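# Overview (structure and organization)
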Amino acid sequence: MAAMPPPTNIIQNGTFDLQGMFWTGVDIETTFFESSYFGTNNTNRVAEIDGNAGQTTQMRQSFNIAGPLQTELTFIAALRSQNTTIGQDGFTVDIVNSSGTVIASLTVLPPVRGVYETYTLPVNFTTAGTYTLRFTELGPDNSFGAIVDNISILVCFAGQTLIDTPTGATPARAIKPGDLVTTEHGPMPVRWVGRRHVTADEMASNAKLRPVKITAGALGQGLPRADLWVSRQHRMLVSSPICQRMFGQTDILVSALKLTALPGIHIDAEIAQIDYIHLLFDQHEVLFAEGAPSESLLLHSEALNALSPEAVEEIRLLFPEVTEGPRHDVRLIPKGHQQTRLADRMAHNARLPLETFRRPA
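As the structure is a computational prediction, the values presented were derived from the model and not from experiment. (Residues numbered from 1 in each chain as written. Predicted model: local features only at pLDDT ≥ 70, side-chain atom pairs only at ≥ 80, totals over all residues. Heavy atoms only, no water.)

## So, the overall build of the protein chain
- Of regular secondary structure, the protein chain possesses seven helices and 24 strands.
- Residues counted as buried form 48% of the 361 residues belonging to the protein chain.
- Considering only residue pairs separated by 6 or more positions, the protein chain has 70% of its internal contacts joining residues 24 or more positions apart.
- Approximately 16200 Å² of the protein chain is accessible, and the part contributed by carbon and sulfur atoms is 51%. (Helix = DSSP H or I, 4+ residues; strand = E, 2+ residues; numbered from the N terminus. Buried < 20%, exposed > 50% of the residue type's maximum accessible area, 1.4 Å probe, protein only. Contact = heavy atoms within 4.5 Å. Areas by Shrake-Rupley, 256 points an atom, 1.4 Å probe, with all protein chains shown as cover.)

Here you go:
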């Protein structure tokens, strides 16, 4: 099971609690509380997209995107209670790439004074790079304008768990049944996708639900490309001369929990919640999560026990030939004590799990 931490807001100080920190631009006004604009006693700090008269306010923040990503910008906005013109006062919000091209845009003209509305702007980041979020004042330039707060762009999995597909790296959350995913056997269609959200309370009551974190590069050869979270029993490919000496095969599958004997791989005791994603194919496959070779869902009694009754029922209904047939492992999976011994030997000899790995062309 691939796993993903909950979404993280990549917009810094989107609540303006730190006033204008992390924001740049012209005529930025982030020093006042909501009470100054709405005539209330609320001491929540906000930004007005119309600072001083005679200047066009523009507020910007740049951020980095690690890979292709579909997400959305959200924020709340309203007109201040006094001296604003409904239908004219507001702002445009744009997301601009490093070449200056606007990839997403929205015009906001709040319809009511003193009452927030929530706005959402879908955005498709097609490539990795630096992008800029930009708010630009609209309407009479008289220092009475629109208020904005709670700005966020949510990104999952430290950018998101990216699964290699024939059309490029794709967030695990976006993969659907029928989609092609790159495997060691070439592009293969996904037959079923399972998802389970695990809360902090569930992890507190059952530590086995906590994921293993594989930090970027910890497996060797620069893999995974970004931090990777998997469930404890999820198996990663290990390719090492030690495997050959112990098992007569260079490439085997080892549970992530066993690999915690190695540097950069550990049980994540800090994460608050997690989403586990199951990808099922016609047979057991090795796919690539953040570039690292990793197994697909393997259906046998132990794997089925890890799923909800509803998920098991769905799989049995849709794919009885897969779930009822004999177990066919794509690679050797040694017994637990053998995996422990392998990881200990690798740690003792400072060997990396993907030392001899060669990805098929």
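## Section: the pattern of salt bridges
- Evaluated as defined, the whole model comprises ten salt bridges.
- A salt bridge links R80 to E48, with the nearest nitrogen and oxygen atoms 3.3 Å apart. Separated by 32 residues along the polypeptide, R80 in the loop between strand 6 (69–79) and strand 7 (90–96) and E48 in strand 4 (residues 47–48) bring together distant segments of the chain. Each member of the pair, R80 as well as E48, carries the same accessibility label: buried. (Salt bridge = Lys/Arg side-chain N within 4 Å of Asp/Glu carboxyl O.)

## Thoughts on the packing of aromatic side chains
- Under the defined criterion, the tally for this structure stands at eleven aromatic pairs.
- For the pair F63 and F125, a centre-to-centre distance of 6.0 Å together with 90 degrees between the ring planes defines the contact as edge-to-face. Of the two residues, F63 sits in strand 5 (residues 58–65) while F125 sits in strand 9 (residues 117–125), which places them 62 residues apart along the sequence.
- By relative accessible area, F63 is classed as buried at 6%.
- Taken together, the aromatic side chains of F16, W23, F75, F91, Y119 and F135 make up a single cluster linked through ring pairs.
- It is R359 that lies over the ring of F288; its NZ or CZ is 3.8 Å from the centre. (Phe/Tyr/Trp six-rings, centres within 6.5 Å; stacked < 30°, edge-to-face > 60°. Lys NZ or Arg CZ within 6 Å of the ring centre and 35° of its normal.)

## Looking at the environment of G25
- For G25, the location among the structural elements is in strand 3 (residues 24–26).
- Judged by relative accessible area, which is 38%, G25 ranks as partly exposed.
- Note: C-alpha distance between G25 and T136 (111 residues apart in sequence) is 9.5 Å.
- Other than its neighbours up to four places away in sequence, G25 contacts Q58 and R60.

## Regarding the pairing of strand 10 (residues 129–138)
- Here eight bridges tie strand 5 to strand 10, and the two strands are oriented antiparallel to one another. Bridged to Q61 within strand 10 is L133.
- As judged from the seven bridges shared by strand 7 and strand 10, these two strands associate in the antiparallel manner. Looking at strand 10, one finds that D94 is bridged to R134. (Pairing = 2+ DSSP bridges.)

## With respect to the sheet that holds strand 3
- Strand order in the open sheet formed by five strands is 3-5-10-7-8, with antiparallel pairing between adjacent strands. Across the chains shown, the open sheet's two edge strands, defined by having one partner strand only, are strand 3 and strand 8 (102–108). In this sheet, neighbouring strand axes are inclined to one another by 15 degrees on average, regardless of whether the strands run parallel or antiparallel. (Axes fitted to C-alpha atoms, helices over the stretch in contact; angles between N-to-C directions.)

## Structural notes on unusual backbone geometry
- Cis peptide bonds are those with omega within 30 degrees of zero, and the linkage from L223 to P224 qualifies with -5 degrees.
- A positive phi angle is found at N13, which is not glycine, with a value near 55 degrees.
- Note that N13 resides in the loop between strand 2 (8–9) and strand 3.

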